[in-house]
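# Geometric and topological summary
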There are 2 protein chains.
Amino acid sequence: MAKRFSPDKYVEGILAGDRVMLSRAITLVESRLVSDLELAQEVVNQVLPYAGNSVRIGITGVPGVGKSTFIESFGNYLIGEQGKKLAVLAIDPTSQRSGGSILGDKTRMDSLATNPAAFIRPSPAGKSLGGVTRSTRESIILCEAAGFDAIIVETVGVGQSETAVHAMVDFFLLLMLAGAGDELQGIKRGIMEMADAIAITKADGENVGKANAACAEYQSAMHLYPLAASGWMPKVSICSALQNKGLETIWSTIVNYLELTQGNGYFEQKRRNQNLQWMYEAIRQGLEEHFYAHQQVKQQLPSIAEEVKAGQKSAFAAASELLRLV
Amino acid sequence: MAKRFSPDKYVEGILAGDRVMLSRAITLVESRLVSDLELAQEVVNQVLPYAGNSVRIGITGVPGVGKSTFIESFGNYLIGEQGKKLAVLAIDPTSQRSGGSILGDKTRMDSLATNPAAFIRPSPAGKSLGGVTRSTRESIILCEAAGFDAIIVETVGVGQSETAVHAMVDFFLLLMLAGAGDELQGIKRGIMEMADAIAITKADGENVGKANAACAEYQSAMHLYPLAASGWMPKVSICSALQNKGLETIWSTIVNYLELTQGNGYFEQKRRNQNLQWMYEAIRQGLEEHFYAHQQVKQQLPSIAEEVKAGQKSAFAAASELLRLV
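Within each chain, residue numbers correspond to sequence positions counted from 1 in written order. Written order determines the labels here, with chains lettered from A and ligands numbered from 1. pLDDT decides what is reported in this predicted model: residues at 70 or higher carry local features, side-chain atom pairs at 80 or more are listed and counted, and totals for whole chains, interfaces and linings draw on all residues regardless. The side-chain numbers reported here are obtained from all heavy atoms of the structure, hydrogens and water having been left aside.

## Description of the relation of the copies chain A and chain B
The line we're drawing: Superposition of the copies used a least-squares fit over C-alpha atoms from residues whose pLDDT is at least 70 in both. Whether two residues touch is decided by their heavy atoms; if any such pair falls within 4.5 Å, the residues are in contact.
The transformation that overlays chain A on chain B combines an axial shift of 0.0 Å with a rotation of 180°, and the residual RMSD is 0.0 Å. Here the copies are linked by what is in effect a two-fold axis. Mapped onto chain B, 100% of the interface residues of chain A again fall at the interface, so both copies present the same surface.

## Some remarks on the side chain of Thr201(A)
Residue and element names in this part refer to chain A. The condition that has to hold: Only DSSP runs of H or I with at least four residues qualify as helices, and only runs of E with at least two residues qualify as strands; both kinds are numbered from the N terminus onward. Only protein chains enter the accessibility calculation, which uses a 1.4 Å probe. A residue is then buried if its area is under 20% of the maximum for its type, exposed if over 50%, and partly exposed in between.
Relative to the elements of secondary structure, Thr201 occurs in strand β6 (residues 197-201). Classification of Thr201 by relative accessible area gives buried; the value is 4%. Residues contacting Thr201, with those up to four places away along its chain left out, are Val65, Leu175, Met176, Leu177 and Cys239.

## Side note on the interface of chain A and chain B
Heads up, the rule is: Here the quantity called buried area is the accessible surface, traced with a 1.4 Å probe, that two parts lose on coming together, added over both. When a carboxyl oxygen of Asp or Glu is within 4 Å of a side-chain nitrogen of Lys or Arg, the pair counts as a salt bridge. Whenever two N or O atoms come within 3.5 Å, that pair is a polar contact, provided that in protein one can donate a hydrogen and the other can accept it, and provided that, for residues adjacent in sequence, both atoms are side-chain atoms. Gly is placed with the polar residues, together with every amino acid not listed as nonpolar (Ala, Val, Leu, Ile, Met, Phe, Trp, Tyr, Cys and Pro) or charged (Asp, Glu, Lys and Arg).
If you look at the interface, chain A gives 60 residues, while chain B gives 60 residues. Interface area, chain A with chain B, both sides summed: about 5600 Å², of which 65% is carbon and sulfur. At the boundary of chain A and chain B, one finds one salt bridge. There are ten residue pairs in polar contact (both at pLDDT 80 or more) connecting chain A and chain B. Broken down by element, the side of chain A that touches chain B gets its largest block of residues, 14 residues, from helix α13 (residues 266-292) of chain A. Looking at the side of chain A that touches chain B residue by residue, the class counts come to 35 nonpolar, ten polar and 15 charged.

## Observations regarding the side chain of Gln274(B)
Residue and element names in this part refer to chain B. Residue position: Gln274 is located in helix α13 (residues 266-292). A distance of 3.3 Å separates a polar side-chain atom of Gln274 from the backbone oxygen of Ala167. Setting aside chain neighbours within four positions, we find Gln274 in contact with Arg137, His166, Ala167, Met168 and Val169.

## Here's the deal with the packing of aromatic side chains
To keep things clear, this is the line we draw: Centres within 6.5 Å make a pair out of two Phe, Tyr or Trp rings, where for Trp the six-membered ring is used; the pair is then stacked when the planes are under 30 degrees apart, edge-to-face when over 60, and tilted otherwise. Any Lys NZ or Arg CZ that is within 6 Å of a ring centre and within 35 degrees of that ring's normal is treated as a charge sitting over the ring.
Scanning all chains against the criterion turns up 18 aromatic pairs over all chains. Between Phe119(A) and Phe148(A) the ring centres are 5.8 Å apart and the planes differ by 40°, which places this aromatic pair in the tilted class. With a gap of 29 residues between them, Phe119(A) in strand β3 (residues 118-121) and Phe148(A) in the loop between α7 (129-145) and β4 (150-156) connect regions that are remote in the sequence. Residue Phe148(A) is classed as buried on the basis of its relative accessible area, which comes to 3%. Between Phe74(B) and Tyr77(B) the ring centres are 6.3 Å apart and the planes differ by 15°, which places this aromatic pair in the stacked class. Remark: Tyr77(B) and Phe74(B) occur in helix α4 (residues 67-82); sequence separation between them is three residues, near one turn of the helix. Both residues of the pair, Phe74(B) and Tyr77(B), count as buried. By way of ring pairs, the aromatic residues Phe70(A), Phe74(A) and Tyr77(A) are connected into one cluster. The ring of Phe148(B) has Lys85(B) sitting right over it, with the charged end atom 4.9 Å from the ring centre.

## A word on the sheet that holds strand β6 (residues 197-201) of chain B
Residues and elements named next belong to chain B. Rules: Following DSSP output, two strands are said to pair if at least two bridges run between them. For helices, the axis comes from a line fit to the C-alpha atoms of the stretch in contact; other axes are also lines fit to C-alpha atoms, and the angle between any two N-to-C directions lies between 0 and 180 degrees.
With parallel pairing, seven strands are arranged side by side in an open sheet as β3-β2-β4-β1-β5-β6-β7. In this open sheet, the two strands that pair with only one neighbour each are β3 (118-121) and β7 (235-238). Strand-to-strand twist across the sheet, computed as the mean angle between neighbouring axes with direction ignored, equals 20°. The sheet strands contacting helix α12 (residues 247-263) are β1 (55-61), β5 (171-177), β6 and β7, and the helix crosses β1 at an angle near 130°.

## Let's talk about the pattern of salt bridges
Within the structure shown, the criterion is met by 19 salt bridges over all chains. Note that Glu144(B) and Arg56(B) form a salt bridge whose closest N and O atoms lie 2.7 Å from each other. With Glu144(B) in helix α7 (residues 129-145) and Arg56(B) in strand β1, this residue pair connects regions lying 88 residues apart in the sequence. For Glu144(B), a relative accessible area of 5% corresponds to the buried category. Taken together, the shared-partner salt bridges in this structure form one network comprising Glu281(A), Arg284(A) and Glu288(A).

## Here's the deal with the pairing of β1(B)
Residues and elements named next belong to chain B. Taken across its seven residues, β1 has seven buried, putting it largely inside the fold. Neither face of β1 is left uncovered, since the one carrying Val55, Ile57, Ile59 and Gly61 and the one carrying Arg56, Gly58 and Thr60 both have all their residues buried. When β1 meets β5, the two strands line up parallel, connected through four bridges. Bridge assignment links Ile57 to a residue of β5, and that residue is Phe171.

## A look at the packing of α13(A) against α13(B)
Which entries qualify depends on this criterion: Oblique is the label for any angle not covered by the other classes, which are roughly parallel (under 35 degrees), roughly antiparallel (over 145) and roughly perpendicular (65 to 115).
With their axes 10 Å apart at the nearest point, α13(A) and α13(B) run at an angle of 110° to one another. With respect to each other, α13(A) and α13(B) are oriented roughly perpendicular. In contact with Tyr280(A), Ile283(A), Arg284(A), Leu287(A), Glu288(A), Phe291(A) and Tyr292(A) of α13(A), α13(B) contributes Tyr280(B), Ile283(B), Arg284(B), Leu287(B), Glu288(B), Phe291(B) and Tyr292(B). Residue composition of the contact of α13(A) with α13(B), by class: ten nonpolar, no polar and four charged.

## A few points about unusual backbone geometry
All names here are of chain A. For Lys202, which is not a glycine, the phi torsion comes out positive at approximately 60°. Take Lys202: it is sitting in the loop between β6 and α11 (208-222). Phi is positive for Asn244, which is not a glycine, with a value near 50°. Tracing the backbone through its elements, the reader meets Asn244 in the loop between β7 (235-238) and α12 (247-263).

## A few points about the sheet that holds β6(A)
Whether parallel or antiparallel, the strands of a sheet pair through hydrogen bonds between backbone atoms. Residue and element names in this part refer to chain A. Here we have seven strands laid out as an open sheet, ordered β3-β2-β4-β1-β5-β6-β7, and parallel in their pairing. Two strands in the sheet have a free side with no partner beyond their single neighbour: β3 and β7. Between one strand axis and the next, the sheet turns through 20° on average, direction left out of account. When β6 meets β7, the two strands line up parallel, connected through four bridges.

This is the structure:
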């Protein structure tokens, strides 16, 4: 186990913008060691009053859409043109299964990684989705307390993590490829409806025509959706990370969104609800972890689950049977 | 408390197609009395081997879309033209809040209600969504065991109940109005993407043109969605319950869906997964009910939740604090 410090030491370092201490604190919230749990909670709780002053942007899209390249260009734009301090966090629950991490490649986002106003933190692969999202959520708080005022949470648009990310960000951006055939893009159903904006990537060279056509098509499809509770109508635009094109359009979309939702109170309301949602979610996780770790449950669950799947036992009778064991 | 019978008596009656006994058994699974719980589970478990032989159709749409009228026409079509025995179950978690039930009106679906091949069962208002969906799920089993081979589960397309219904049916049909302005239709985001088919209702008289235009628009929007795991591409059609028009198109869409998914194994797989999903859901509900009923949790939750909402306490620290109480 790596060296641990006192809570105050972490807090002091984070508030001073010390990146090494920030990294160590994130390692702490990522830790599954019971002994780290209390320390992590103490640190997060202490910096909490200094957190919240950022725009939290979720970015998703399937592999091949050019996510890293986009985040690098957009990140450099946010830092260079908008004077932001940017933290990039990544959730990748699939990395263990596929054997390769979206962020495992250390050479990714080179120019952003070396930018002193940027902080990039991949999630370690192989954790449960619950664990990864929990630590990402707390990492947002730590980064904000360390002075980062733009947080990008990156995820792969193929799994369950999008819903979790959607529940921790202010703005959700979906990257799409033009003309890839939508059934091939692998975006999970439901993700499109979560998007506050869609950006068609790689709109350069001979791709521009296709990108513009896709943009118009998606824009018109967006009108078919019911208006979101925020009052915001999702925007679609094209961009090229290669040519640094379309980045300011995306940023001004985000600014417009913030103006609308901070004006009508939705922004604040959403953040408060997200806080609460995470508490209930953490309670649920705690209850289930405890239940499924129970020796008797572990022993009997597999055979009972088989009976339920085969329609030999009702789902509710099976649940009662298992609940009686603890 | 109404009279209760032995499990065998319920089972015997249900398997003989006795509607009075079926109704009583549904009342039993709807009961919140602890003393009824075990009896209900015994009855459901005993009839389980006789259940499953039906097509389970979820139908949703906002008030005003003509849901009752549609179900009445479609139900009479299924019985009269397809020789089905039809049960209609309804989930309406909003009825208590709005003060009126979608099914409270006893004169609704008159001609269907008096059809001997139909069985209509509204959910009592005022229960929790969890309770209502649980009893609806078990009611499907009871109805199938009683010989009904087409089950319609009706819900209002404005709340959370759609996800629950989607998880208990084979086929999900969304009713929409043409030209109502989609933002006015009140369909919750995400519901459109769950639909296996959309039917534009009230396509009669001067509405036909608008309905056809909406149909084409939605059909083309559907192509923007990624293909579902079933391999099924959702279909859009128009119908008029008034003129009994378009009903056979909807039925043949359902038949095509069944042929595809029963052929490729998706149908069976989905039902098995649904069974399992309900077991895990019931376990989660059981754990949470027990936790939130705890005296200490009840006392401390409100003030802790306020701190979390206000960002004064981290969601995870709050969850740990509450979990330690039990």
